[in-house]
Amino acid sequence: MPDDVTALQLVLSGDPALFAIVRLSLYVSLSAVVLAALIGIPLGAWIALTRFPGRQGVIVLLNALMGLPPVVVGLAVYLMLSRSGPLGGFGLLFTAGAMIIAQTVLVTPIIAALTRQTIEDLWIEYRDELTAMNLGPIGRVMTLIWDARFSLVTALLAGFGRAAAEVGAIIIVGGNIEGFTRTMTTAIALETSKGDLPLAVGLGLVLIAIVIAVNALAWTARRAGERLAG
Amino acid sequence: MRAPSSELPIEFDGVTVTAGPVTILDNIALTLLPGPPTVLIGPNGSGKSTLLRVAMGLLTPSRGRITWGGLENVPPLKRAIVFQRPAMLRRSAAANIRFALRAAGIPRAEHARRVSELLELVGLERLADRAARRLSGGEQQRLALARALARDPAVLFLDEPTASLDPVSTKAVEDIIRTVSERNIKVVMATHDLGEARRLAGDVVMLHRGRIVETGAAASFFELPQTAEAQTFLAGELLV
Amino acid sequence: MKRLTRRLVIAAAALVFAGHASAQDKSIVVASTTSTQDSGLFGHLLPIFKAKTGIDVKVVAQGTGQALDTGRRGDADMLFVHAKAQEEKFVADGFGVKRYPVMYNDFVLIGPKSDPAGIKGMTDVAEALKAIKSKGAPFISRGDRSGTHIAELDLWKAAGIDIGKEKGPWYKEIGQGMGAALNTASAANAYVLADRGTWLSFKNRGDLDILVAGDKRLFNQYGVMLVNPEKHPHVKKALGQAFIDWLVSPEGQKAIADYKINGQELFFPNANAPGA
C-alpha cells in the first residue's frame, strides 16, 4: 500500500488493496455469524425448552463461554488445524477458512446464550397457549423462533460485533498474510507495529463505520418489524 | 355449528391433583354432559382453574382417571381453552387466528373464509390487521375466544374470561359465550362473578378447598342451595 | 428436516473451504520473521517472482522461534529466517532439507539523540552496551526468542555481561516484534537494537536515531530452507525449491539488492559467499 497517501484518500479513491481487506473482513465475520447462528439458535432453543439433568450447569457454562478470550480460542484452533494436529489433513491453517472457524467458535456461545434467554422468556409467556393448541415440539420451536426474531437479530448483531472487532484469534490462525488472510483488524495491528499510525487509524475508522452501519441497518429492520407485529 | 361429539361426556373418576405436600383437587367425581354451559364457582384457590386444566387435558391427575367420551388419553384436538390473561402472539389479530387454524390442521384454502367468520363472530372485523398485543384487554379476550373456536371444538373451557374486563367488554364476551353455546358447543366456565354465573349457567358446580361441595341445575342451586358452604358463599360471606 | 440439515452442512463446508481450493493451485507458505516483513522486502520481491513463475508466495510473519516451530510442525513449506545456528540445527534434526544463505543486513544500535550513555559514534558495540548498563539508561529488548533477540543476547555476552542476572529496571523485555519494540523505545526515549531494514521503514521515530553501526558483530545473515518432505509429505517441494532457486539466482540476488528505502540499500545479497 502506498506510504504517504492518507487512509481517507485511500477510502475515497476506492483503493483496491484497502477494499480487498474490507471485503475479506466482512466475508470472514459474516460467514462466522451465519455458521454460529445455524448452530447456536437451534442449540439455544433446545436448551430453553428441554429439561435435562445438569441443565442449570449448562446454562451457566454457556453464559461463561460468551467471554472466551479470542487469543485462547486462536491458540486452540491453531493446535487443531496445524499439520501436526488432529485436523491438519484439511490444510486449513493460514487460510480464510481457519479464521471463519475460529470466529465461529467465539460467536456461537454468544448467539446460543442470548437465544436461550430470549426463547425461555417467550416460552414462559406462550407455554399455556401453545400446549393447549396441541403443537408438537418442532411447531413450538418454530413459533418461538419466529415470534422472537427481532430479539434474535440483536443476538446476531452482538455476535457480528464480537467477530468484526477481534484480532487475537484470526491473527494466530490466519497468519496475517497479505492478500489472503489480512483483515482490517490484523492490518491495523500490523500497521501500528510498523509505526504507520495514520494508516492504522484510517483503517480503524473504516471498521467503526462498518459496525455502525450494520447496527443502524438492524435497528431500522427492528423498528419496521415492531410496527408490523407490535 | 356442530353435532354433539365423542368428546363428551367428560368423566372425572376419583381425580386428585397434588403438588408436593399440597392437595389442589381432592377426589373429584364429576360428569360433564352436553347441553347448556356448566359454570364452576367457588372462592379463590378452590381449584377451579386446575379442574379446567385437567378437563382440557393439560394436566395429568396424580390419582384417579379422566375420560372423554369413555376413552382415556384423548388428545385435545376437539377441545379448546381460553385463559384468564391470554397470551397474544406477536402478530396481527387475523394472523393469530390463522396460526390457530394451522395448528388445528385446517386446510389453507379455508383460512381466509374462517378468519373473517371468526372475526365477525367476536366483533373484531375492523381490527383484523391491528397488532394483537396492541388490542385492549377486552379485545384480546375476544381474540382469544376466536382463536379457541378456530379449531371447531366440541368443548370450550373458559378460565375467568371476564375477570379483568370492564362491564361493556364483559357484556360483549358473555354475548359471544351465549352464541357459542347456542351452536351446540359445550361451554365449561370458571368464574368468581356470581352475577355472571347466574346469567350464563345451565348447571353449577361449586368447589371449595379442592372438593366438590355441591352441584345442580342453575335454577335450583341459586334458589335453594343445599349445603352450608353453598349457602354461606351465595350469601356473599367469606368462605374459609 | 434431514435433507435441510444436509444441505446446510454442505453450505457451511463450502464457506469454510472456499478460500482453500484456490490455495491448492500454485502457492506456497513461507514462514518468515516480523522484521523481514516489516522491512517491506517481500512487498518488493514477491510480485517479481509471481510475474515470472505465477506462484503465489504467502508469507506468515512470526518471531524466529515461532517460524522454526511452524516449520517443525509442517505448517509451512519453507523458512526464510536469520538465525544461522538454529537453522543448521533445524536441518541437522531432519526438519529441513538444506540451508541456503541468501542475504545479510545489519543491526544498528538506536537511541535518543540526547544519548545519556554517550555512545554515539562508537565502533565497538560491546563497549557501547557496557556504557548503557553502567549508566542504567533505559533499554528495550524484544525478549521473544527472535533472531534479533538472540543477536542482542550474544552481544551482551560479548560485552562480558550476563544480562539475565545483571539486568535492572532499566532493561525492559516486551516479548513483541521489531515494530512494537521501536514504538516502545520511541515513546520511552530508550535504546534498542534493531535491524536496519525495519528502522529505515519505521515512521514513528520520535527523538531516536542510529547511534552505533558497522561493528562486524552486528551483521545479520539470512538463510532459506525447504521443510523436509520426508517428515511432512504434503510440503510443496517443487514450488518451494523454485522459490529458493530464484532467491539465490543472479536475478533474485539482484532483485534483493535493488530494494531501497530513501535510496539506501537494506539487504546485501551473499548467496555465493563462502561460510555465510
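Residues numbered from 1 in each chain as written. Chains lettered and ligands numbered in written order. Predicted model: local features only at pLDDT ≥ 70, side-chain atom pairs only at ≥ 80, totals over all residues.

Scanning chain B for helices and strands turns up 8 helices and 9 strands. In terms of C-alpha radius of gyration, chain B reaches 18 Å, essentially the compact-globule figure of 18 Å for 240 residues. In terms of its C-alpha atoms, chain B occupies a principal-axis envelope of roughly 50 × 40 × 35 Å. Residues counted as buried form 45% of the 240 residues belonging to chain B. For chain B, the proportion of contacts with a sequence separation of at least 24, taken over those separated by at least 6, is 68%. (Helix = DSSP H or I, 4+ residues; strand = E, 2+ residues; numbered from the N terminus. Rg over C-alpha atoms; globule rule 2.2 N^0.38 Å. Buried ≥ 20, exposed ≤ 12 C-beta atoms within 10 Å, placed from the backbone. Contact = placed C-beta atoms within 7 Å.)

Counting residues at the interface gives 19 residues for chain B, matched by 13 residues for chain A. Elements supplying a minimum of two residues to the side of chain B that touches chain A: strand E5 (79-82) and helix H2 (93-103) of chain B. Of the residues contributing to the side of chain B that touches chain A, the split by class is 15 nonpolar, no polar and 4 charged. (Nonpolar A, V, L, I, M, F, W, Y, C, P; charged D, E, K, R; others polar.)

Okay, the interface of chain A and chain C next. Of the residues lining the interface, 24 residues belong to chain A; the matching set on chain C comes to 29 residues. Those elements that place two or more of their residues in the side of chain A that touches chain C are helix H2 (16-49) and helix H5 (96-132) of chain A. Each residue belonging to the side of chain A that touches chain C can be placed in one class, and the counts come to 11 nonpolar, 10 polar and 3 charged.

Here is a general trend for soluble globular proteins: nonpolar side chains tend to be buried in one another's company. If you look at the biggest cluster of nonpolar residues, it comprises 175 residues, and the most contacted ones within it are Ala102 and Val173 of chain A together with Met78 and Leu79 of chain C. If you tally residues by element for this core, the top one is H5 of chain A, at 18 residues. With residues near it in sequence (within four places) discarded, Leu79 of chain C still touches Ala31, Ala67, Leu68, Gly71, Gly96, Val224, Met225 and Val227 of chain C. Counting residues in hydrophobic clusters, the runner-up holds 31 residues, among them Leu109, Ile110, Phe202 and Leu208 of chain C. (Core = buried A, V, L, I, M, F, W, Y, C linked by C-beta atoms within 7 Å.)

Right, let's get into the packing of H2 of chain B against helix H4 (residues 137-149) of chain B. Residues and elements named next belong to chain B. Following both chains from N to C, one finds H2 and H4 inclined at 25°, their axes separated by 8 Å at the closest point. Between H2 and H4, the crossing angle belongs to the class labelled roughly parallel. Here H2 runs over H4; the crossing is right-handed. Within the contact between the two elements, H2 uses Ala93, Asn96, Ile97 and Ala100 and H4 uses Leu143, Ala146 and Arg147. Residue composition of the contact of H2 with H4, grouped by class: 5 nonpolar, 1 polar and 1 charged. (Axes fitted to C-alpha atoms, helices over the stretch in contact; angles between N-to-C directions. Parallel < 35°, antiparallel > 145°, perpendicular 65-115°, else oblique. Left-handed = near helix turned anticlockwise from the far one by under 90°.)

In this assembly, 2 pairs of chains are in contact, and the pair with the greatest number of contacts comprises chains A and C. Contact between chain B and chain C is absent, and the least distance between their C-alpha atoms amounts to 19 Å.

A few words now on helix H6 (residues 137-147) of chain A. All names here are of chain A. Those residues of H6 that fall on the buried side of the exposure criterion are Thr143, Leu144 and Asp147. Around the axis of H6, the buried residues are gathered within 95° of arc, so they sit on the same side. Pointing more than 90 degrees away from the buried face of H6 are the exposed residues Pro137 and Ile138. Residues of H6 that are buried sit in contact with H2 and H5. (Arc of directions from axis to C-beta.)

Now for the environment of Lys194 of chain A. Inspection of the secondary structure assignment puts Lys194 of chain A in the loop between helix H9 (184-193) and helix H10 (197-229). By C-beta crowding, Lys194 of chain A is classed as buried, having 26 other C-beta atoms within 10 Å. Spatially, the C-alpha atom of Lys194 of chain A lies 51 Å from that of Val141 of chain A, the residues being 53 residues apart in sequence. What Lys194 of chain A contacts, discounting residues up to four positions off in sequence, is Asp38, Gly179, Ser201 and Phe202 of chain C.

Here the focus is the sheet that holds strand E1 (residues 10-19) of chain B. Residue and element names in this part refer to chain B. Spatial ordering of the open sheet is given by E2-E1-E4, a layout of 3 strands whose pairing is antiparallel. Since the sheet does not close on itself, it has two edges, and those belong to strand E2 (22-32) and strand E4 (63-68), each with one partner. Along the sheet, successive strands turn relative to each other by an average axial angle of 20°, direction set aside. Pairing between E1 and E2: 8 bridges, direction antiparallel. Within the sheet, the bridge partner assigned to Glu11 lies in E2 and is Thr31. Across the sheet, helix H1 (residues 48-56) lies against E1, E2 and E4, angled at about 55° from E2, the strand it touches most. (Pairing = 2+ DSSP bridges.)

With that settled, the discussion passes to the domain arrangement of chain C. Residues and elements named next belong to chain C. As assigned here, chain C comprises domain 1 (27-104 + 222-269) and domain 2 (106-218). Here domain 1 and domain 2 have C-alpha centroids that lie 26 Å from each other. Across the boundary between the two partners, domain 1 contributes 18 residues, which contact 15 residues of domain 2. For the side of domain 1 that touches domain 2, the secondary-structure elements that each account for two or more residues are helix H2 (34-39) and helix H4 (64-73). Per-element accounting of the side of domain 1 that touches domain 2 gives the leading share, 4 residues, to H2. (Domains from an automatic or database assignment.)

Relative to the helices and strands, Met56 of chain B resides in helix H1. Separated by 95 residues in sequence, Met56 of chain B and Arg151 of chain B have C-alpha atoms that sit 14 Å apart.

Moving on, we get to the packing of H5 of chain A against helix H7 (residues 149-165) of chain A. Residues and elements named next belong to chain A. Viewed as axis vectors pointing N to C, H5 and H7 meet at an angle of 155°, and their least axial separation amounts to 9 Å. Comparing the axis directions of H5 and H7 gives the class roughly antiparallel. In this structure, H5 meets H7 at a crossing whose hand is right-handed. The segment H5 lies against H7, with Gln103, Leu106, Val107, Ile110, Ile111, Leu114, Thr115 and Thr118 engaging Ser151, Leu152, Ala155, Leu156, Ala158, Gly159, Arg162 and Ala163. In the contact of H5 with H7, the residues fall into 10 nonpolar, 5 polar and 1 charged.

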